Structure formats: structure tokens, C-alpha cells
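Understanding the architecture of this molecule
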Amino acid sequence: MGTTASAYLTGFGRYLPGEPVDNDGIVARLGGDDPVTSRIRGMILDQNGIRQRHYALDEHGEPTELNEELAVKALRAALDDRGIRPDDLRMLATATTIGDVLVPGFASMVHGRLGGGPMQLLSASGVCASSLQALDAAVGKVKLGEHPRVAVVGSELASRSLRQRRFDGIRAGMDSHFLRWMLSDGAGAVVVEFQPHPTRPSLRVDWVRHVSLAHEHDVCMRAGMDGLEPEVGRTWQDVGIGDAEASGMFVLRQDVGVLDDLAGAGLREFEQLVDIGLVDVSHLDHVVCHYSTNAFRDLAFDGLRKRIPTLDTDRWFSNLETCGNTGAASIFIALEEAWRTGRFSPGETILLAVPESGRFSFAFAHLTVVAPPEPQGATT
Amino acid sequence: MTTDTTATASTADAPGSTSPGESAALSERLAEVWVGLEERLDRVPILRALAEGTVTIDDYRRLLFNLRQQVVDGSPWISRAASNFDIDHFTLRAAAITHAEEEHRDYLMLERDYVAIGGSLDELRAGRKNLGSEALSGYMFTYADRPNPVGLLGAMFIIEGLGAKRAAGWAARFQEVLGLADNQVHFMQYHQEADGAHTGDLQAILDSGIIDDAAADEIVRCAEVVARLYALQLEELDR
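Residues numbered from 1 in each chain as written. Chains lettered and ligands numbered in written order. Predicted model: local features only at pLDDT ≥ 70, side-chain atom pairs only at ≥ 80, totals over all residues. Heavy atoms only, no water.

Here we look at the overall build of chain B
- Tallying secondary structure elements over chain B gives twelve helices and zero strands in all.
- When the helices and strands of chain B are placed in sequence order, the string is α-α-α-α-α-α-α-α-α-α-α-α.
- Within chain B, the proportion of its 239 residues that are buried is 56%.
- Partitioning the intrachain contacts of chain B with sequence separation of at least 6 by distance along the chain shows that 85% fall at a separation of at least 24. (Helix = DSSP H or I, 4+ residues; strand = E, 2+ residues; numbered from the N terminus. Buried < 20%, exposed > 50% of the residue type's maximum accessible area, 1.4 Å probe, protein only. Contact = heavy atoms within 4.5 Å.)

Let's talk about the overall build of chain A
- Looking only at helices and strands, chain A has twelve helices and 14 strands in total.
- Taken over the C-alpha trace, chain A has a radius of gyration of 21 Å; the compact-globule value for 380 residues is 21 Å, and the two agree within 12%.
- Based on the C-alpha atoms only, the size of chain A along its principal axes is roughly 75 × 50 × 40 Å.
- Counting only contacts in chain A whose residues sit at least 6 apart along the sequence, the fraction spanning at least 24 positions is 82%.
- For chain A, the accessible surface area stands at approximately 15,400 Å², while carbon and sulfur atoms represent 49% of it.
- In chain A, which carries 36 positive and 51 negative side-chain charges, the distance between the mean positions of the two groups comes to 2 Å. (Rg over C-alpha atoms; globule rule 2.2 N^0.38 Å. Areas by Shrake-Rupley, 256 points an atom, 1.4 Å probe, with all protein chains shown as cover. Lys, Arg positive; Asp, Glu negative; His and termini not counted. Charge placed at Lys NZ, Arg CZ, Asp CG, Glu CD.)

Here we look at the domain arrangement of chain A
All names here are of chain A.
- Each domain of chain A was delimited in the assignment, giving domain 1 (8-193) and domain 2 (202-370).
- Using C-alpha coordinates to define each centre, domain 1 is positioned 15 Å away from domain 2.
- Each side of the interface is counted separately: domain 1 has 55 residues, and domain 2 has 55 residues.
- For the domain 1 and domain 2 pair, buried surface summed over both sides reaches about 4,600 Å², with 67% attributable to carbon and sulfur atoms.
- On the domain 1 side of the contact with domain 2, Phe12, Arg14 and Leu132 bury the most area, a combined 14% of that side's loss.
- Across the contact surface, domain 1 and domain 2 share six salt bridges. (Domains from an automatic or database assignment. Buried area = accessible area lost by both parts, 1.4 Å probe. Salt bridge = Lys/Arg side-chain N within 4 Å of Asp/Glu carboxyl O.)

Examining the interface of chain A and chain B
- Counting from both sides, the interface comprises 17 residues of chain A and, opposite them, 23 residues of chain B.
- In total, about 1,500 Å² of surface goes out of reach between chain A and chain B, with carbon and sulfur atoms giving 48% of it.
- Taken together, the connections running from chain A to chain B amount to zero salt bridges.
- Our enumeration of links across chain A and chain B arrives at five residue pairs in polar contact (both at pLDDT 80 or more).
- Here the side of chain A that touches chain B is composed, by residue class, of four nonpolar, ten polar and three charged. (Polar contact = N/O pair within 3.5 Å; in protein donor to acceptor, adjacent residues only side chain to side chain. Nonpolar A, V, L, I, M, F, W, Y, C, P; charged D, E, K, R; others polar.)

As for the nonpolar core
- Counting 166 residues, the largest nonpolar core has Leu135 and Val192 of chain A together with Met188 of chain B as the members making the most contacts within it.
- Each of domain 1 (8-193) and domain 2 (202-370) of chain A accounts for three or more of the residues forming this core. (Core = buried A, V, L, I, M, F, W, Y, C linked by side-chain atoms within 4.5 Å.)

Re helix 3 (residues 45-52) of chain B
Residue and element names in this part refer to chain B.
- Considered for burial, the residues of helix 3 that qualify are Ile46, Leu47, Ala49 and Leu50. Axial view of helix 3: buried residues confined to an arc of 160°, hence all on one face. Along helix 3, exposed side chains directed more than 90 degrees from the buried face belong to Ala51 and Glu52. (Arc of directions from axis to C-beta.)

Looking at the pairing of strand 5 (residues 120-125) of chain A
Residues and elements named next belong to chain A.
- By the bridge criterion, six bridges tie strand 4 (residues 91-96) to strand 5 in an arrangement that is parallel. Its bridge partner being in strand 5, Ala95 is matched across the sheet by Ala124.
- You can see the chain leave strand 4, run along helix 4 (residues 106-114) and come back into strand 5, and the turn it takes is right-handed. (Pairing = 2+ DSSP bridges. Right-handed = clockwise from strand over helix to strand, strands pointing away.)

Regarding the packing of helix 9 (residues 131-144) of chain B against helix 12 (residues 213-235) of chain B
Residue and element names in this part refer to chain B.
- Two elements in contact, helix 9 and helix 12, have axes separated by 7 Å at closest approach and are oriented at 155°. Judged by the inter-axis angle, helix 9 sits roughly antiparallel to helix 12. The element helix 9 and its partner helix 12 pack so that their crossing is left-handed. From helix 9, Gly132, Ser133, Ala135, Leu136, Tyr139, Met140 and Tyr143 reach across to helix 12, where they touch Glu218, Arg221, Cys222, Val225, Val226, Leu229, Tyr230, Leu232 and Gln233.
- Split by residue class, the contact of helix 9 with helix 12 holds eleven nonpolar, three polar and two charged. (Axes fitted to C-alpha atoms, helices over the stretch in contact; angles between N-to-C directions. Parallel < 35°, antiparallel > 145°, perpendicular 65-115°, else oblique. Left-handed = near helix turned anticlockwise from the far one by under 90°.)

Notes on the UniProt feature "domain: Beta-ketoacyl-[acyl-carrier-protein] synthase III C-terminal" (unreviewed entry) in chain A
- Following the UniProt record, the feature "domain: Beta-ketoacyl-[acyl-carrier-protein] synthase III C-terminal" (unreviewed entry) maps to residues 280-353 of chain A here.
- Taken end to end, residues 280-353 of chain A has its terminal C-alpha atoms 15 Å apart, with 39% of it in helix and 15% in strand. (UniProt positions renumbered as here; feature names shortened; annotations may be inferred.)

Some thoughts on the packing of aromatic side chains
- Throughout the structure, instances matching the rule amount to eight aromatic pairs over all chains.
- Between Trp236 of chain A and Phe250 of chain A, the ring centres sit 6.1 Å apart and the planes meet at 65°, which makes this aromatic pair edge-to-face. With Trp236 of chain A in the loop between strand 9 (221-222) and helix 8 (241-246) and Phe250 of chain A in the loop between helix 8 and strand 10 (253-254), the pair connects residues that are 14 residues apart, well separated along the chain.
- We classify Phe250 of chain A as partly exposed; its relative accessible area is 22%.
- An angle of 45° between the planes, with centres 4.6 Å apart, marks the rings of Tyr60 of chain B and Phe174 of chain B as tilted. One end of the pair, Tyr60 of chain B, is in helix 4 (residues 57-71); the other, Phe174 of chain B, is in helix 10 (residues 152-178), and 114 residues separate them in sequence. For the residue pair Tyr60 of chain B and Phe174 of chain B, the accessibility class agrees, reading buried in each case. (Phe/Tyr/Trp six-rings, centres within 6.5 Å; stacked < 30°, edge-to-face > 60°.)

Side note on a nonpolar patch on the surface
- Residues Met43, Met174 and Val256 of chain A make up a contiguous nonpolar surface patch of roughly 240 Å² in combined accessible area.
- With respect to the helices and strands, Val256 of chain A occurs in the loop between strand 10 and helix 9 (259-275). (Patch = residues over 30% accessible without salt bridge, like charges linked within 9 Å, V, L, I, M, F, W, Y side chains within 5 Å.)

Quick look at helix 3 (residues 67-82) of chain A
All names here are of chain A.
- For helix 3, which comprises 16 residues, the first-to-last C-alpha distance of 23 Å matches the rise-based estimate of 22 Å (1.5 Å per residue) to within 8%.
- Within the sequence span of helix 3, burial applies to Asn67, Glu68, Leu70, Ala71, Val72, Ala74, Leu75, Ala78, Leu79 and Arg82.
- Tucked into the core, helix 3 has its buried residues touching strand 1 (8-15), strand 4, helix 4, strand 6 (149-156) and strand 7 (186-193).
- Count one or two residues on from helix 3 and you reach Gly83, which has phi positive near 80°. (Expected span 1.5 Å × (residues − 1).)

Observations regarding the sheet that holds strand 7 of chain A
Residue and element names in this part refer to chain A.
- Taken together, the ten strands give an open sheet; going across it, the order is 5-4-6-7-1-8-14-13-11-12, and neighbouring strands pair in mixed fashion. If you trace the sheet from one side to the other, it starts and ends with strand 5 and strand 12 (316-317), each paired once.
- As paired elements, strand 13 (residues 349-356) and strand 14 (residues 361-370) share eight bridges and run antiparallel to each other. Its bridge partner being in strand 14, Val354 is matched across the sheet by Ala363.
- Across the sheet, helix 5 (residues 130-143) touches strand 1, strand 4, strand 5, strand 6, strand 7, strand 8 (202-212), strand 13 and strand 14, and the angle it forms with strand 4 is around 165°.

Some remarks on the pattern of salt bridges
All names here are of chain A.
- Overall, the coordinates contain 37 salt bridges over all chains when judged by the stated rule.
- Among the salt bridges present, the one from Glu62 reaches Arg163, with a minimum N-O distance of 3.5 Å. Here Glu62 is found in the loop between strand 3 (52-53) and helix 3, whereas its partner Arg163 is found in the loop between strand 6 and helix 6 (164-167), with 101 residues between them in sequence.
- With relative accessibility at 42%, the residue Glu62 sits in the partly exposed group.

As C-alpha cells, this is what we get:
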């Protein structure tokens, strides 16, 4: 193995469509105003603690933007923050749960809309952790010295799957209600470079890790099939589209009964990172954690505090309550806000943590805040 | 790559032979030129910044940009020299042909490094030579136009010597100061190996006894001029 470069996050951007929607404004967009649904919604909102979110839907529930548009707006914000243009990028890595179209890949569509020059693309698809899978690919290429500048974006337009028309005439259990009143839309982006930002602090990416436990877990979050096991001839692509919709295949569902297991498995993965020395708990200054509801915040926080007794709520950052759960976008939307609001100082370390319920996977990244290089005089 | 064409340079086709003692004297005279060059290089601003650890990524980018404009001429002047060696200088002709062939794609490696650190290939290719590169390139082509331009062995001594003895050190230092990956310093890393082989070939020719006194004087003079102009190229970045 030869010498590698370092990778730095030098630009941060996010885009949240439309005005923030408070809890009373949800029904106008997503529907579900019958008494039973209203009761369930109230209960779930109490539990998840989300006070406001954004939807790419107008007040009648009609779509206002494409997912790729959200992605491009977040990318432009990140590029502006760094002071570079799409032409300066050599690679784009995107993460989303469901793009706008079946084919081609999301990254192709985002690149087409963003513009710039020729570049390498990666469309990471999955759920929440695809965000850090995309980041990992970008960081790897930058460290190898193959690309000087890469942009990474996580983008979600989940509201299409949450609208009333998806629920008309189908049996909606807790497995769909839970997500319907939790997910929302948005995009977050970062710029990754082989050199730190010339005039202000950057976040050096020390490592990114992703692990799947799908070998020992059933599907938890899904769409496009009935039940937890895909069956030959019975996925959404096999049956008629009308039948697929009627049987609720286009509704996002989550097996809420196994979410406690998910939290436990995530904490075990974190413990492993500590045990093998990737996380030095005596020098961990910040944790930016993606979680779907505040119920898991408390679980995760207590779990982390077992290993980091000094961890207090000041060092823990999430904007779930004000930005909602935006899936693959959420970790970048949270990181952008933490960065912009001045939470980080040079020398400090940050752990990003993203559990994904899809079929049990977990992603982590470790960052160090670095000061800008000392200004140097001209050499000639 | 070393080829046996040069490594086995024979005396049979040489115009006049010299004794091993004269070859040693030539080596000493060239070594003296080299010492002078090293002293001058120590004062070149970008190399001083590199040594002091204050060099920036823009400096490295500028260096590659400036070098590229002259490196693309390397193989052409060697080829031109090859065409001007008559049959009595077959060994030198063969060596020059081989060398030109080996180097004619080197600039692509430099271009790849330039792109890998964020430079634009279009801008790099649209670049012009700096004052030192103009002088160096002009001198090399003019010299290569002479019949039997034996003195160019002195140019080789300087240019290949820089590649073999200094380039990898520069690469390592740029990597250390700027945190660069191997993929971003190919050109300089590669030259340690390749030019090490070339200087071996050159030494074989110098030791072969085919260099007479007049040729030795030409070689030393050419080395002096090229050493000065190469340093000038590094001093006159972007000008």
C-alpha cells in the first residue's frame, strides 16, 4: 500500500422544500383526517417528537418538486458554501431511498440537472445508511488521489409514498402509520476534497464504516412486496400496477416490533468500534446521530453514555424535531446545521452514526475538525 | 528501462578513443557542474519552500504546469539529436532513439498528476513555456541541430540526474507537506527509477572511451548551460 491523501469535508449545504409544516399542517398535505387515523397520528407524533418538517407537496398534497431537484439544490448550496462550481467536481455520489424514475440511476439524473463536466457517478441506494455509503465511496477515491473534489448528496422525497391516495382502500396497520407520520422530504450535501479549506476549518474524515447484519435479520422496512419475504411472481414488478397499489405495495412499511433489536444491534456495533480503538471515547467531543424518533434517542444516548460517561446532551446533536426524519438526507442535514451554527472547534472529534432499519445495517464516520492551513507567502 | 543498445556501447564505432583516466576527469568536471547546480537549486524559491515545509498545493500545481510545457519537448529534441548523429556515431544515435522512445509519453504522467490535484487539462495544454523553459528548450533544439551533437550528453547528465537524484525526494517531500497520494506524484516518483536507468546508460557511454577531449569540453559546457537554464525554468515559474 502506497501513500494516500487525506479527505476533508469543506462545504456543506442543505435544502428543505417549502415552508416548515407543523403538526397541524400535516393533514392538509398527507390526508388521513378520519378519527382513527388522527388518533394514531397524534400518538406517533408524541412519540417521535418531531415538531416540524418539510414536504415537497403543496397545501393540497400535490407534488411541487422532484427528488433530483432537492438533491441539486442541496448540492448547489454546498458548492456555494465552498466557493466552487459544478465544473470543479470529478465525482458525484448520491444516496436516496427511491429516485424519481426507475431508470436511469439517481446520480445520472442529478448530474444531468446539476451540470458541470465529465465525472464519475455512484448511485447508492438503500435507506438511511446509503448516505454514508456514498460518503465512503467519495472519501475512498479522494484518499487514493484519484479525485481531488467530490460532492456527496443524500436526498429523499418520501412524501409521495405517504399521501392519502396511497392509503385509499388499503389496510394500514401500525407498520405504515409509524413511517407516514415520521418521514418527510429534504436533501443534504457535502463537498469532499484532498486538501482542507484554505481559509476556514474543515472536517477531516478519519474513517467511514458500514456493516450489514442482513444475514441474521428479516426485512424490517420495505415497499414493493407483500409481507417480509419477496416471492417469485409477487413483487410490484410482477403483479399489475393496480393490484400492487391496491395491496399497498407502494406504502412504506416498517416492522415496528423489531426496532428495539435494531437499537441494540447498533449499540453493539458502536461498542465494537470502541473496542477496536476506532473511537477513542476519552477524545470524542461530538456525536451526530440519525434516529427516527426521540424514543430511540434516549436508548442510543443511554447506550453511548455507558462507554462515554462524560457524554452530555451538549455534545449530542440532532435536528430531528425541526427538520423531520429525512432518511438518507438526515445525517447531512444535521451535520450542516451543527457546522453552520458553530458547534465544532479545531481539534475536536465527531462521530456520525446512522442506523438503518431496512434490513439491519449501520454506518459510522469519524471526523476531526482541522484549522485552515497557515497562510504562506508567495514563493517567487 | 535499460536496453542493451546503450549498456553495451562499444568502442568499435567511435571516432577516436580515450583512456579511462580522461573519462574520470570528465566525470569530475561534470560532478563540479552538478555541485554548482545543487547550490543554485537550494536558492530557488519553490524548492526552498519545499524544504522548509511552507510549500502550498498551488505551488505544486504551478510547478507541474511549468514543467509540463518543457517536458513535452523532451522527446522531440532527443529525436532531433538522434537524426543528426552520423553512422560513425551509431552508438549515440541508437541511445538517443531508444531514449526518445522511452520518454515520449512521460508528459502524460505529469498531466495525470495535474488533473489528480484538481487542475484543468485544457488549461494545462493551453499553457505556454516560462522564460527559463523557452531558453532551455530553444537551446536544446538549436544544439540538437548540429552535426553529431555529442555535447548533449552533458544535457542528459543534468536532466536525467535531476530525475534520478532529486525528483523522488521532491515527490516525497510534497507528499509529506501537502498530504498527497502516490497517484498525485507519479511523474516525480517515476523519474527516480527511469532516470536512474538512463543515467546508468549515460555513464556507460561516458566510460566507453568514445569521448575525446574536444567532446568532453563540449559535454561539460552543455551541462553548464543546461544546469543554469533548468534552474532558470524553476525560478521563472509563470513568467
